[in-house]
Amino acid sequence: MSKVFCEKPFNHNYIHTNGKMRLCCTTIQDLPTDNNYNLFDANTHSIRDYWNSNRMKEIRRKMIAGDKIRDCERCYRQEEQGVQSLRSTGGMAEFIAKTEEDGTFNNPATTMQIQLGNICNLKCKMCSQMYSHMHGMETRDIGKQDPEWLHWVKEQGANVNNWTNELGVKQEWYKNIEFKSKMFEHISQNILHLNIIGGEPTLIPEFYELFEYCDKQGTLGDKTVTLVTNLTNTNSKLTTWLPKLKNWSIWASVDGVEARTEYIRYPSKWNKIIESLEFYRKLLGTNGNITLSPAIQLLNIDQLDDIIKWWLDWCGGELNKKYGFTWLATVWYPLICNPNIAPRDWRLRVAEKLSKYKFDQNYENIIKELKRDQHTPEKYKELQKSFVKYNDRQDKYRQCKTWRSLLPDLEKAIKV
């Protein structure tokens, strides 16, 4: 199979939190319009506008020729490190056969992912303004107390915080009435597999409007829907719509057991998370699934085996059609959240702990990566110093449990 081909330019629509259109959620490149000056934006353009644009046609031609695409660099890098990526070659021969010589693909996409803005009620450690307006507001407010810290955060960029522009601004592209109407129609008529992410989608009225629209059009039964949620909020309306779907899956963003997930996904509450899980469990029926999707990072890597054990226990002892587990969310950026930036001795101790438990090959790959030195000694020291500075200041502002109290062995290992 091709090492560069992916079905997404042939079968997938993606809208980012800011309304920009991209190949998929993994890439960081927004798609340029044909004048190569503007970007395809949900506030200005329709999905049809970008689907056979010059850039999309170029991408298809290059993939068919076996040439690497800069938009796909993250997947290539993950695969080189033995980590599962989102790249998929399913249906490659059929997609190539239906593509015209210039890269035009006339069939509409049947899969789609929409990031419903950045409205969120949490301020997760690995997050930023891009995905949570509350996180942005907090960063801005800490900066008012400590301008030097905020200046340092902005200088550090992807090392400590992925997005610091326009802090506190709400991204609500889906409120554009004209585009929303066209998007609902497109999803109802064409999309069979839909992923919905935020922000936190369950806080967004338009999320429920989409379900209501498809229900009135009689198209819910054609669709498989995945909802990525932090489990801090549920809505009784879902008890009507979820059973009508062909299939549905809740991807549960839980990053630790009890106090650890409350710290990472601040200010979530463990009891509410369990309550929400039970809410969806009661709706499972024959078409539902709940998949645990932890964001593997420095703040929870030492507890990874415990997370899996807890999940298996909650599921009744095994994974099956009703309960799943995904490894698609290892945190690569900001760098201070990546597990590998920890001191080597601490990483090796954690790897030894995790090795006593057996789960699957992805779990083994994470352990392998934990043992591998990826930076120079100078870079390790710089990242560890940044980890301490960023989290100490944030913890002080929040007046909550600290990383030092939750990971005392890590505190001892980091000497800065």
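Below, the structure is looked at part by part. (Residues numbered from 1 in each chain as written. Predicted model: local features only at pLDDT ≥ 70, side-chain atom pairs only at ≥ 80, totals over all residues. Heavy atoms only, no water.)

**Describing the packing of aromatic side chains**
To keep things clear, this is the line we draw: Ring pairs shown here join Phe, Tyr and Trp side chains whose ring centres sit within 6.5 Å, with only the six-membered ring taken for Trp; geometry is labelled stacked below 30 degrees between planes, edge-to-face above 60, and tilted in between. By the criteria applied, helices consist of DSSP H or I runs no shorter than four residues and strands consist of E runs no shorter than two, each listed in order from the N terminus. The buried label goes to any residue with under 20% of its type's maximum accessible area, the exposed label to any with over 50%, and the partly exposed label to all in between, with areas taken from a 1.4 Å probe on protein chains only. Note on geometry: a ring has a charge over it if NZ (lysine) or CZ (arginine) is within 6 Å of the ring centre and within 35 degrees of the ring normal.
A complete count under the given rule lists 27 aromatic pairs for this structure. A ring pair is formed by Phe10 and Phe105, whose centres lie 5.8 Å apart and whose planes are at 90°; its orientation type is edge-to-face. Of this pair, Phe10 sits in helix H1 (residues 8–11) while Phe105 sits in the loop between helix H5 (92–97) and strand S3 (111–115), and the two are 95 residues apart along the sequence. Accessibility classification places Phe10 together with Phe105 in one group, the buried group. By the ring-pair criterion, three or more aromatic residues cluster together here, those being Trp270, Trp310, Trp311, Trp314 and Tyr323. Just above the ring of Trp51 sits the side chain of Arg60; from NZ or CZ to the centre is 4.8 Å. The lysine or arginine in question, Arg281, covers the ring of Trp314, its NZ or CZ lying 3.7 Å from the ring centre.

**A short note on the sheet that holds strand S8 (residues 323–325)**
Put simply, the test is: A strand pair is defined by DSSP finding two or more bridges across the two strands. Any two residues having at least one pair of non-hydrogen atoms within 4.5 Å are treated as being in contact. The axes used here are C-alpha line fits, helices contributing only the stretch in contact, and every angle between their N-to-C directions lies in the interval 0 to 180 degrees.
Strand order in this open sheet of 8 strands is S2-S1-S3-S4-S5-S6-S7-S8, and the pairing throughout is mixed. At either end of the open sheet lies a strand with only one pairing partner, and these are strand S2 (21–22) and S8. Relative to strand S7 (residues 288–292), strand S6 (residues 247–252) runs parallel, the two being bridged by 5 bridges. Across the sheet, Trp251 pairs through a bridge with Thr291, a residue of S7. Its contacts with the sheet put helix H8 (residues 177–190) on strand S1 (12–15), S2, S3 and strand S4 (193–197), and the angle it makes with S3 is roughly 145°.

**A short note on the nonpolar core**
Keep this limit in mind: We call a set of buried Ala, Val, Leu, Ile, Met, Phe, Trp, Tyr and Cys residues a nonpolar core when their side-chain atoms join them within 4.5 Å.
By size, the foremost hydrophobic cluster in this structure holds 118 residues, and its most contacted members are Ile114, Tyr280 and Phe387. Among the elements that line this core, the one with the most residues is helix H13 (residues 304–315), at 8 residues. Setting aside anything within four residues of it in sequence, one finds Phe387 in contact with Leu298, Leu299, Ile336, Ile341, Trp403, Leu410 and Ile414.

**Digging into the state of the cysteines**
One way to say it: the disulfide is the covalent bond shared by the sulfur atoms of two cysteines. This is how it is decided: Throughout, disulfides are identified as pairs of cysteine sulfur atoms within 2.5 Å of each other.
Going through the model one piece at a time under the given rule, you end up with 0 disulfides. As a non-bridged cysteine, Cys24 has Cys25 as the owner of its nearest cysteine sulfur, 5.3 Å distant. Here Cys127 is not cross-linked by a disulfide; its sulfur's nearest cysteine counterpart is in Cys124, at 5.8 Å. Since its relative accessible area comes to 14%, Cys127 is described here as buried.

**What about the pairing of S3?**
Where a strand is regular, its side chains alternate between the two sheet faces. Of all 5 residues in S3, 5 are buried, a share of seventy percent or more. Burial of the side chains of S3 extends over both faces: Thr111, Gln113 and Gln115 are buried on one face and Met112 and Ile114 on the other. Relative to S4, S3 is paired through 5 bridges, and the arrangement is parallel. Across the sheet, residue Gln113 finds its bridge partner in S4, namely Asn195.

**Brief notes about the pattern of salt bridges**
Going by this rule: We define a salt bridge as a side-chain nitrogen of Lys or Arg found within 4 Å of a carboxyl oxygen belonging to Asp or Glu.
Scanning all chains against the criterion turns up 32 salt bridges. Taken together, the shared-partner salt bridges connect Arg55, Glu58, Lys62 and Asp71 into one network.

**Details of H13**
The line we're drawing: To estimate the expected span of a helix, subtract one from its residue number and multiply by 1.5 Å.
Here H13 is 12 residues long and its end C-alpha atoms lie 17 Å apart, about the 16 Å a rise of 1.5 Å per residue gives. Judged by how many residues are buried, H13 sits mostly within the fold: 9 of 12 residues are covered. Along H13, the residues classified as buried are Leu304, Asp305, Ile307, Ile308, Trp310, Trp311, Leu312, Trp314 and Cys315. Where H13 terminates, the next one or two residues include Gly316, which has phi positive at roughly 100°.

**What to know about the environment of Gly168**
Here Gly168 is to be found in the loop between helix H7 (147–156) and H8. A relative accessible area of 18% means that Gly168 is categorised as buried. It is 43 Å that separates the C-alpha atoms of Gly168 and Lys358, two residues lying 190 residues apart in sequence. With sequence-adjacent residues up to four places away left out, Gly168 is seen in contact with Gln129, His133, Gly136, Met137 and Arg140.

**Things to note about the side chain of Thr226**
Along the chain, Thr226 falls in strand S5 (residues 224–229). For Thr226, a relative accessible area of 13% puts it in the buried group. Dropping the residues within four chain positions of it, Thr226 is found in contact with Leu194, Asn195, Ile196, Ser249 and Trp251.

**Quick word on H8**
Residues that lie three or four places apart on an α-helix share one face, since the helix turns once every 3.6 residues. Across its 14 residues, H8 extends 20 Å between first and last C-alpha, which sits within 8% of the 20 Å expected from 1.5 Å per residue. The complete set of buried residues in H8 reads Phe179, Lys180, Met183, Phe184, His186, Ile187 and Ser188. Structurally, H8 contributes buried residues whose contacts are with S1, S2, helix H2 (47–51), S3, S4 and helix H9 (205–217).

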